[in-house]
Amino acid sequence: MSKQPRIVSITLARGGSKGVNRKNIADVAGKPLLYYVLEAARKSKYITGRYVSTEDSEIKSISESFGAKVIDRPAHLAVDDSKCEAALLHFANQVEFDILVFIQTTSPLVKSSDIDKGIEMILNKAYDSVFSSTIETWVPRWIELENNITPVDWTPNSRPRRQMMPELLIENGAFYITTKQKLIKNNLRYSGKIGTVKMPLMRSFQIDTLEELELISALIKLENNNE
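Residues numbered from 1 in each chain as written. Predicted model: local features only at pLDDT ≥ 70, side-chain atom pairs only at ≥ 80, totals over all residues. Heavy atoms only, no water.

Caption draft 1: Representation of the overall build of the protein in the model. Scanning the protein from N- to C-terminus turns up six helices and 11 strands. For a compact globule of 227 residues, the expected C-alpha radius of gyration is about 17 Å, and the protein comes in at 19 Å, within 12% of that figure. Here the C-alpha coordinates of the protein stretch approximately 60 × 45 × 40 Å along the principal axes. Taken over 227 residues, the protein has a buried fraction of 46%. Long-range pairs, those at least 24 residues apart, make up 73% of the contacts in the protein with a sequence separation of at least 6. Surface exposure of the protein reaches about 12,700 Å², of which carbon and sulfur atoms provide 50%. Taking the 30 positively charged and 28 negatively charged side chains of the protein as two groups, their mean positions are separated by 6 Å. (Helix = DSSP H or I, 4+ residues; strand = E, 2+ residues; numbered from the N terminus. Rg over C-alpha atoms; globule rule 2.2 N^0.38 Å. Buried < 20%, exposed > 50% of the residue type's maximum accessible area, 1.4 Å probe, protein only. Contact = heavy atoms within 4.5 Å. Areas by Shrake-Rupley, 256 points an atom, 1.4 Å probe, with all protein chains shown as cover. Lys, Arg positive; Asp, Glu negative; His and termini not counted. Charge placed at Lys NZ, Arg CZ, Asp CG, Glu CD.)

Caption draft 2: Structural detail: helix α1 (residues 33-42). Burial runs high along α1: nine of the 10 residues are buried. Taken as a whole, α1 has its buried residues at Leu33, Leu34, Tyr35, Tyr36, Val37, Leu38, Glu39, Ala40 and Ala41.

Caption draft 3: Quick look at the packing of aromatic side chains. The tally for this structure, following the rule as stated, stands at nine aromatic pairs. Between Phe91 and Phe97, the aromatic rings sit 5.7 Å apart at their centres with planes inclined by 25 degrees, giving stacked as the arrangement. We note that Phe91, like Phe97, is buried. Ring centres 5.6 Å apart and planes at 65 degrees place the aromatic pair Tyr176 and Tyr190 in the edge-to-face group. (Phe/Tyr/Trp six-rings, centres within 6.5 Å; stacked < 30°, edge-to-face > 60°.)

Caption draft 4: A look at the sheet that holds strand β4 (residues 49-54). Read across the sheet, seven strands follow the order β5-β4-β1-β6-β10-β7-β11 without closing on themselves; strand pairing throughout is mixed. Both edges of this open sheet fall to β5 (69-72) and β11 (194-198), since each of them pairs with a single strand only. Direction aside, neighbouring strands of the sheet carry axes that sit 30 degrees apart on average. Here strand β6 (residues 99-103) runs beside strand β10 (residues 168-179); their pairing, made up of five bridges, is antiparallel. When the bridges of β10 are listed, Val101 appears paired with Ile177. Strands in contact with helix α3 (residues 84-92) are β1 (7-12), β4, β5 and β6; relative to β1, the strand with the most contacts, it is inclined by about 135 degrees. (Pairing = 2+ DSSP bridges. Axes fitted to C-alpha atoms, helices over the stretch in contact; angles between N-to-C directions.)

Caption draft 5: Structural view of helix α4 (residues 112-123). For α4, spanning 12 residues, the distance from its first C-alpha to its last is 16 Å, which sits close to the expected 16 Å at 1.5 Å a residue. Among all positions in α4, only Ser112, Asp114, Ile115, Asp116, Gly118, Ile119, Met121 and Ile122 are buried. Its buried side turned inward, α4 meets β1, α1, β6, β7 (129-136), β10 and β11. Directly beyond the C-terminal end of α4, a positive phi value near 60 degrees is found at Lys125. (Expected span 1.5 Å × (residues − 1).)

Treat this as a map of the structure, not an account of what it does.
This is the structure in structure tokens:
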């Protein structure tokens, strides 16, 4: 009988934030932002341990109040230009697991069913890594350089029809799932054969600005009122 893989979640929640002050514990519909992803992990059918990596004492206390275990992150891994992979590897060197679910606090609309779909894709050995995405249909994009705007990959005299253009899969940043073996070998949140879980646009919003925080708070309140 094969050993059941140990599956854990990790959320990186440092104290600093540029767009929204103390974003990871900002009030979102009456609860700290961090609560929502920890709750999604708690409801997963597969995740057996929830962890938060932080250098911040208040975030540590709040995480523990929601039943998560805390990994004390070194200060040099919690600055603005720190890469997530560095914190993930720091975590991997301290905790035993087989599959890692990296859930980002900025995506409070993610559901446990989304996460479980991704885990199953790895358990079924169809993929080595999985990320969450949303479908983007083609829209005309422009770039501004030196006070001049230029179309990106199209021209006004041959504007393509949206229906003729391929759909793109956009990383929505909600979660990334990979094995410990792949993470340590490649120093990447995803590697090997990569798959994706498509999430609806309505649940793919991320919080990086105050405007987005207010929008998502309104969406969560609306959902709660409809339950």
